[in-house]
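Analysis of the macromolecular model
Residues per chain, in single letters:
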Amino acid sequence: MKLVDAIQQRRTVRGFTDQIIDDDTLNRLFTQAQQAPSNCNTQSWKAYVVNGERCRQLADSLYLHVSKGNAPSPDFGFMPTYEGIYRDRQVVCAHTLYSNMNIARDDKPARMAALLQNYQLFGAPHVVFIGMPKSYGIVNAVDIGIYVQNLLLVMTSMGIASCPQGALGYYPLVVREHLDIDDEIGILLGISFGYEDTEILF
Ligand SMILES: Cc1cc2nc3c(=O)[nH]c(=O)nc-3n(C[C@H](O)[C@H](O)[C@H](O)COP(=O)(O)O)c2cc1C
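Quick summary incoming for the structure in this document. On a predicted model such as this, the values are computed, not experimentally measured, just so you know. (Residues numbered from 1 in each chain as written. Predicted model: local features only at pLDDT ≥ 70, side-chain atom pairs only at ≥ 80, totals over all residues. Heavy atoms only, no water.)

1. Description of the site of the ligand
The following threshold applies: Any residue with a non-hydrogen atom lying within 4 Å of a molecule or strand is treated as near it. Between N or O atoms, a polar contact is any pair within 3.5 Å; within protein, one atom must be a potential hydrogen donor and the other a potential acceptor, and residues adjacent in sequence are included only when both atoms are from side chains. For accessible areas, the Shrake-Rupley method is used with a probe of radius 1.4 Å. Any residue's cover is judged against the shown protein chains and nothing else. Any residue that is not Ala, Val, Leu, Ile, Met, Phe, Trp, Tyr, Cys, Pro, Asp, Glu, Lys or Arg is counted as polar, Gly included; the first ten are nonpolar and the last four charged.
Around the ligand, the neighbouring residues are R10, R11, T12, R14, C93, N118, F122, P164, Q165, G166 and A167. Contact between the ligand and N118: a nitrogen atom at 2.8 Å from a side-chain N or O atom of the residue. Residue P164 places a main-chain N or O atom 3.1 Å away from a nitrogen atom belonging to the ligand. Within the complex, the protein chains bury 55% of what would otherwise be the 620 Å² of accessible surface of the ligand. For the shell around the ligand, the per-class residue count stands at four nonpolar, four polar and three charged.

Pasting the structure below:
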């Protein structure tokens, strides 16, 4: 696939089949994405990939934890409060998503249920958590963003659907219960991925 086609075709997908991606494809995906530029070639991203049954167990833990109303404790802080044109775009994004799901603006329980789907990984059989050293800041976050875009575009070129999720950076303690993550590494986000379930219309 041409790069420009991958850029055009990549989109956030929020519905996956349970079909597992084979190991050879996973290895090629992460090897290719690794070819990303970074400050002083430090490559300061960490990628924790969870597949199949372990992925679903992790999703169940996250979903249960968030459903109970536990407070988030992100390693790198919360999203800013968006204002002006950025707030406008955020509102349009949420409105488009909820109307595609047939959820009315004032239907708070349905909106909460939709939000919680983040923690079911939208049904994906794979997730990758992306981290970097907790002491690092915005300079390194630029590198991480470039690496994440590489991952998303390589996935697209392989016919793999993806959903980057800042929401998956909000409960790192639950993620740590399932994965061996060094104390000095913080989690920035997660990407749910797999094959798209085209029956799910959002
Ligand atoms: C860093 C980042 C965090 C995101 N977090 C979430 C999230 O928590 N949940 C979600 O459903 N979508 C999330 N998205 C997807 C965005 O909503 C999506 O990229 C945006 O609306 C543009 O749509 P597109 O990706 O289909 O082009 C995130 C995207 C990025 C890049």
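2. So, the packing of aromatic side chains
Stated precisely, the cut-off is as follows: Centres within 6.5 Å are what make two rings of Phe, Tyr or Trp a pair, Trp counting through its six-membered ring; a difference in plane orientation under 30 degrees is then read as stacked, over 60 as edge-to-face, and the rest as tilted. Numbering of helices and strands runs from the N terminus, with a helix taken as a DSSP run of H or I at least four residues long and a strand as a DSSP run of E at least two residues long. The classification of residues rests on relative accessible area computed with a 1.4 Å probe and restricted to protein chains. Under 20% of the type maximum is buried, over 50% is exposed, and intermediate values are partly exposed.
Throughout the structure, instances matching the rule amount to four aromatic pairs. Geometrically, the ring pair formed by Y119 and Y171 is edge-to-face, given 5.4 Å between the ring centres and 85° between the ring planes. Of the two residues, Y119 sits in the loop between α5 (108-116) and β2 (126-133) while Y171 sits in the loop between β3 (161-165) and α7 (172-178), which places them 52 residues apart along the sequence. You'll find Y119 and Y171 in the same group, each marked buried.

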